[in-house]
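# Descriptive analysis of the structure
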Amino acid sequence: MSSIILGIETSCDDTAAAVLIDGKLHANVVAQQLEHESHGGVIPELASRAHVQRIIPVVEEALSQANIDKKQLTAIAYTQGPGLLGSLLVGNAFAKSLALALELPLIAVHHMHAHLLVHFIDDAFPTPSFPFLGLTVSGGHTQLVRVDDTNSFVIFGETKDDAVGEAFDKTGKMLGLPYPAGPVLDKLAKMGTPRFSFGKPEVEGLNFSFSGLKTSVLYFLRKQEEQDKEFINKNLHDLCASIQHDIVSILIDKVTKAIDQTGLNQLVLGGGVSANSGLRESLSNLDVSLFLPPLPYTTDNAAMIAITGYLKFKAGLTDSLASESKARMNS
Ligand code: KG4
Ligand code: ZN
């Protein structure tokens, strides 16, 4: 019998639903919330309200694209956390209600696991085998993990302060770029030369730190602007290239160390920042089998929730209707 999984993702500012039939993706709908752009960052209250407005049309659209009636569904997978609590609660309440009404199993999915397990969607792209080294780089997280199984993630290192996506967004904001600045900074960096340097943090083990770089960029810009008010405009491309170069080299240093220390020979990337062209290029020079997600699967989406739900479902891992949203989650 076919297993038809509905995946629902509402952890931050994207309302998303996907339908996966026997591991193959049949619909992947994402409604991005543009209302945050003018605020320079995600406003949690606005995000939850927008999820409430969009969740039903987004799910209906996904079912219609997959040509599936909700009565044909086998299970409902939703993002349990980590993320913004108000946003998570919308997906949780919707998924539970649907599971209750249709008498279907509910599967609670860890958002960061899903960013890596998206690579298991059938036919979409090459699939790694367990165990592998995972690098998750998003707006809220930066982690190096060993993935032994669908449900077994061991964190080797993580950021001690800002996430790498925040480093892109906050330094981009200093340059006057719109939110989220990461993709714009990436584009502008391609036209520049990394001729400025903002230093490298000293962080123990496989952990990361990005707040020092952010402060260093801030003081550097202040100093330069005292002498020339137009400094940013005149050097925008080189500034973007330099910031991107320094952020990527912080990541590459720790990834190289992790490959050496663990002996794992497959590196799997996930999360919004895995769209970054500089990071993708630098990682491709490492001596490891590299699994990069295609661009539509880098930023938040429900396909990754549906595939993780499918893998958990096949392993007999379902959750009760009492399962709760969690803003913070460990491995
Ligand atoms: O995974 P994601 O969609 O949401 C979270 O779970 O946080 O990641 C969003 C982050 C934002 O910080 C955004 O600026 C960053 O991913 N991002 C990029 C690029 N595309 C998205 N950062 C650098 N270069 C990109 N091309
Ligand atoms: Zn994410």
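Position numbers for residues start from 1 in each chain and track the written sequence from start to end. Throughout, the order in which chains and ligands are written sets their labels, letters from A for the former and numbers from 1 for the latter. Two thresholds apply to this predicted model, a pLDDT of at least 70 for residue-level local features and 80 or more for giving and counting side-chain atom pairs, whereas whole-chain, interface and lining totals are computed over all residues. Computation of side-chain values covers all heavy atoms of the structure but excludes hydrogens and water.

## Concerning unusual backbone geometry
Where we set the bar: The secondary structure listing takes helices from DSSP runs of H or I that are at least 4 residues long and strands from runs of E that are at least 2 residues long, numbered from the N terminus. Only protein chains enter the area calculation, which uses a 1.4 Å probe; residues under 20% of their type maximum are buried, those over 50% are exposed, and those in between are partly exposed.
With an omega dihedral of -10°, the bond running from Gly-81 to Pro-82 counts as a cis peptide bond. Within the secondary structure layout, Pro-82 lies in the loop between strand 4 (75–81) and helix 2 (85–102). Cis geometry marks the peptide bond from Phe-130 to Pro-131, where omega comes out at -5°. By the element assignment, Pro-131 lies in the loop between helix 3 (111–117) and strand 6 (132–137). If you check the backbone angles, Asp-22 has positive phi at about 50° while not being a glycine. You can call Asp-22 partly exposed: its relative accessible area is 34%.

## Quick look at the domain arrangement of the protein
Stated formally: By convention here, the domain bounds are inherited from an automatic or database domain assignment. Every residue pair with non-hydrogen atoms within 4.5 Å of one another is taken to be in contact. Computed with a 1.4 Å rolling probe, the buried area is the accessible surface lost when two parts are put together, summed over both parts. Salt bridge, as used here: a side-chain nitrogen of Lys or Arg that lies within 4 Å of a carboxyl oxygen of Asp or Glu. We call two N or O atoms a polar contact when they sit within 3.5 Å, provided that within protein one can donate a hydrogen and the other can accept it, with sequence-adjacent residues counted only if both atoms are side-chain atoms. Residue polarity follows a fixed list, in which Ala, Val, Leu, Ile, Met, Phe, Trp, Tyr, Cys and Pro are nonpolar, Asp, Glu, Lys and Arg are charged, and the others, Gly among them, are polar.
Looking at the assigned domains, one finds that the protein contains domain 1 (4–124 + 298–314) and domain 2 (132–293). With 17 residues of domain 1 in contact, the opposing surface of domain 2 contributes 25 residues. Taking both partners together, domain 1 and domain 2 bury about 1,700 Å²; carbon and sulfur atoms supply 74% of that area. At the surface where domain 1 touches domain 2, the tally comes to zero salt bridges. Inspection of the region where domain 1 meets domain 2 yields three residue pairs in polar contact (both at pLDDT 80 or more). The dominant element in the side of domain 1 that touches domain 2, judged by the number of residues it contributes, is helix 3, at five residues. Looking at side-chain class alone, the side of domain 1 that touches domain 2 contains seven nonpolar, seven polar and three charged residues.

## Details of the packing of helix 5 (residues 181–189) against helix 7 (residues 231–262)
Rules: Axis definition: a line fitted to C-alpha atoms, over the contacting stretch in the case of helices. Angles run 0 to 180 degrees between N-to-C directions. Angle categories are assigned with fixed cut-offs, so that under 35 degrees is roughly parallel, over 145 is roughly antiparallel, 65 to 115 is roughly perpendicular, and the rest are oblique. Two helices cross in a left-handed way if the nearer one is turned anticlockwise from the farther one by less than a right angle. They cross in a right-handed way if the turn is clockwise.
Two elements in contact, helix 5 and helix 7, have axes whose closest approach is 8 Å; the angle formed by their N-to-C orientations is 110°. Classed by the angle they form, the pair helix 5 and helix 7 counts as roughly perpendicular. Classified by chirality, the crossing of helix 7 by helix 5 is left-handed. Judged by residue contacts, Leu-185, Asp-186, Leu-188 and Ala-189 of helix 5 engage Leu-236, His-237, Cys-240, Ala-241, Ile-243 and Gln-244 from helix 7. Of the residues contributing to the contact of helix 5 with helix 7, the split by class is seven nonpolar, two polar and one charged.

## Examining the site of ligand 1
Note the cut-off: The criterion for a residue being near a molecule or strand is simple. One of its heavy atoms has to lie within 4 Å of it. Calculation of accessible area relied on Shrake-Rupley with a 1.4 Å probe; when residues are assessed, cover is drawn exclusively from the protein chains displayed.
Within the structure, ligand 1 sits among 19 residues, and Gly-139, Asp-169, Asp-186, Gly-272 and Asn-276 are positioned closest to it. Here Asp-186 contributes a side-chain N or O atom positioned 2.9 Å from a nitrogen atom of ligand 1. Relative to its free-state accessible area of 560 Å², ligand 1 is covered by the protein chains to the extent of 90%. Looking at the shell around ligand 1, the elements that each hand over two or more residues are helix 3, helix 4 (164–174) and helix 5. Class assignment of the residues belonging to the shell around ligand 1 gives a composition of five nonpolar, eleven polar and three charged.

## Considering the coordination of the zinc ion (ligand 2)
Rules: For Na, K and Ca the donor cutoff is 3.2 Å, while for all other metals N, O and S atoms must lie within 2.8 Å; water is not among the atoms, so some sites may look incomplete.
Surrounding the zinc ion (ligand 2) are the protein donor atoms His-111 (NE2), His-115 (NE2) and Asp-300 (OD), at 2.0 to 2.1 Å. Motif for the zinc ion (ligand 2), donor spacing along one chain: H-x3-H-x184-D. Within this pair, whereas His-111 is found in helix 3, its partner Asp-300 is found in the loop between strand 10 (289–291) and helix 9 (303–314), the two being separated by 189 residues in sequence. Assessed through its relative accessible area of 15%, Asp-300 is described here as buried.

## A look at the packing of helix 4 against helix 7
Here helix 4 crosses helix 7 at 165°, and the two axes come no closer than 11 Å. Comparing the axis directions of helix 4 and helix 7 gives the class roughly antiparallel. When the axes of helix 4 and helix 7 are compared, the crossing they make is right-handed. Mapping the contact onto sequence places Val-164, Ala-167, Phe-168, Thr-171 and Met-174 in helix 4 and Ile-232, Ile-243, Gln-244, Ile-247 and Leu-251 in helix 7. Looking at side-chain class alone, the contact of helix 4 with helix 7 contains eight nonpolar, two polar and no charged residues.

## Digging into the sheet that holds strand 4
Stated formally: Only strands joined by at least two bridges in the DSSP assignment are considered to pair.
A sheet is described by the order of its strands in space; here five strands give the open sequence 3-2-1-4-5, paired in mixed fashion. Among the strands making up the open sheet, the edge pair consists of strand 3 (24–32) and strand 5 (106–110). Along the sheet, successive strands turn relative to each other by an average axial angle of 20°, direction set aside. Strand direction decides the pairing type here: strand 2 (residues 14–21) and strand 3, joined by eight bridges, are antiparallel. Bridge assignment links Asp-14 to a residue of strand 3, and that residue is Gln-32.

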